[in-house]
Structures are given as structure tokens and as C-alpha cells.
Amino acid sequence: MIVAELGEVMGLRPGVGGRELCVAVCEESDRPDLEAGGAVVCRLGPAVNRETVVAQMRRIASQVAREAMARGGLLFHGALAEHRGNGFLMAGPSDVGKSTASRRLPSPWRSLSDDMTLVVRDGRGDFQAHPWPTWSRFLYGGPGGSWAVERSVPLRAMFFLDQAPLDRLEPIHGTRVAALALESAEELAREVLFVMTDADAA
């Protein structure tokens with residue numbers, strides 16, 4: 001049930017190649033994930049309520065992100081917008097306005113995600129941005145949703161959001177760009193690289 005729902009939420013199809021990700025349900029709720037025979041085994045406890053199901057989907061998705069990070073990808077705390085086939089990342093901490101900025105995009109701009117974005121390097125050395133689910137939308141009777149995680153757009157620019165009385169763009173350069181990008185990825189990288197149990201994810 002959890003794997004089927006996660007597949008719908010993330011728009012996932014059966015993979016070809018790469019490491020196999022197995023999901024096992026155990027009687028205990030605090031079993032860490034493990035590796036066996038080259039596969040990753042995500043050991044989940046019983047799904048006792050909706051919050052547990054969401055935490056378990058997030059935990060499996062973290063394994064997917066961890067595999068991408070092992071190949072040089074990064075999960076950014078940022079919304080992904082598309083404009084004529086190109087991707088633009090609006091990064092920033094919680095409550096800075098990523099979701100608000102996503103809702104305010106005028107046509108032909110389109111919001112692909114409003115909280116997290118997975119960025120990976122392709123075979124040509126370019127960066128591809130993939131939308132990532134907003135897990136809070138599944139809690140407390142939220143609207144849920146689906147994100148086409150397998151679909152990517154070439155990343156053309158990053159915008160670092162800050163709350164201000166007026167809308168404007170201010171160019172930034174050098175080490176400040178690197179510091180802001182690192183800050184946007186650091187919190188999520190810690191979460192993804194930490195091998196969670198159901199209790200940690202809840």
C-alpha cells in the first residue's frame with residue numbers, strides 16, 4: 001500500500017538498472033534500513049495511522065535521494081519553476097515564501113514543486129532539476145498531491161528568497177552564492193544522509 005501510494009505521489013515507474021530498493025514490513029517500528037546483496041532494504045513498522053504512512057513514504061523517498069546524492073546530486077530546500085522548458089530554483093529556509101512565490105507565478109511560468117528540488121548532473125555536465133514532494137501536504141487533512149519526480153528540466157538559474165516590502169531581483173556573486181547554495185542543501189542533506197527509522201521520520 002505504501003509503495004503504491006508513493007509511486008503515485010512521486011510519479012515513479014519500475015526502474016531499469018541501478019540498485020534495487022526493497023521495502024519490508026516488520027513487527028517492530030524502529031528497525032533501521034540495511035543493505036543486502038547490493039540492494040537497499042527499507043524496513044518499516046506497521047502503518048498505524050496516516051502520520052506513520054507519510055513518515056514511511058518520506059523515509060523511502062529519502063533512500064531515493066540518498067542514491068542520487070551518492071552520484072553527485074543534491075536535494076535543495078527550494079521551489080522549482082519552469083519557463084519554456086527551463087528550470088529556475090527559488091531557494092530559502094522555511095517560511096521565507098517559497099510556496100507563496102510559487103502560487104504567484106504568472107503564465108507561462110509553471111510551478112513544479114514548492115518546497116524541495118533534487119538537482120543532479122547529467123552526462124553532458126549540465127544540471128537537471130527534478131521536483132520533489134511537499135510532505136506536509138499529506139498531514140492533518142492536507143490536500144496531498146503528486147510530483148513528476150522522474151521528469152526534469154535543465155536548471156538555468158537559482159534565486160535565493162528573502163522577505164522584503166518590495167519585489168525585486170538583486171544579483172549576487174562569488175562566495176556568497178556558494179554559501180547560500182550550501183545553506184539551502186545542508187539541512188536536507190543531513191536529513192537524507194541520516195539513516196532514519198519510523199520513529200525518527202515521524
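Placed above this text is the structure.
What you are looking at is a predicted structure, and each value in this text was computed from that prediction instead of being measured.

Caption draft 1: Expanded view of the packing of helix α1 (residues 2-10) against helix α2 (residues 50-70). As a packed pair, α1 and α2 sit with axes 10 Å apart at the nearest point and diverge in direction by 65 degrees. One finds that α1 runs roughly perpendicular with respect to α2. Judged by the twist between their axes, the crossing of α1 over α2 is right-handed. Residues I2, E5, L6, V9 and M10 of α1 pack against R50, V53, Q56, M57, I60 and A61 of α2. Looking at the contact of α1 with α2 residue by residue, the class counts come to 8 nonpolar, 1 polar and 2 charged.

Caption draft 2: The packing of aromatic side chains, seen in detail. One pass over the structure, following the stated rule, counts 4 aromatic pairs. Centroid distance F88 to W109: 5.1 Å. Interplanar angle 55 degrees. Geometry classified as tilted. Here the residue F88 occupies a position in strand β6 (residues 86-91), and W109 occupies one in the loop between α3 (98-103) and β7 (110-113), the gap between them amounting to 21 residues. Between F88 and F159, the aromatic rings sit 6.4 Å apart at their centres with planes inclined by 35 degrees, giving tilted as the arrangement. Taken together, the positions of F88 in strand β6 and F159 in strand β10 (residues 153-160) put the pair 71 residues apart, joining distant regions of the chain. Since its relative accessible area comes to 15%, F88 is described here as buried. Here the aromatic cluster, defined as three or more aromatic residues joined through ring pairs, consists of F88, W109 and F159.

What counts, and where the lines are drawn
- Residues numbered from 1 in each chain as written.
- Predicted model: local features only at pLDDT ≥ 70, side-chain atom pairs only at ≥ 80, totals over all residues.
- Heavy atoms only, no water.
- Axes fitted to C-alpha atoms, helices over the stretch in contact; angles between N-to-C directions.
- Helix = DSSP H or I, 4+ residues; strand = E, 2+ residues; numbered from the N terminus.
- Parallel < 35°, antiparallel > 145°, perpendicular 65-115°, else oblique.
- Left-handed = near helix turned anticlockwise from the far one by under 90°.
- Contact = heavy atoms within 4.5 Å.
- Nonpolar A, V, L, I, M, F, W, Y, C, P; charged D, E, K, R; others polar.
- Phe/Tyr/Trp six-rings, centres within 6.5 Å; stacked < 30°, edge-to-face > 60°.
- Buried < 20%, exposed > 50% of the residue type's maximum accessible area, 1.4 Å probe, protein only.

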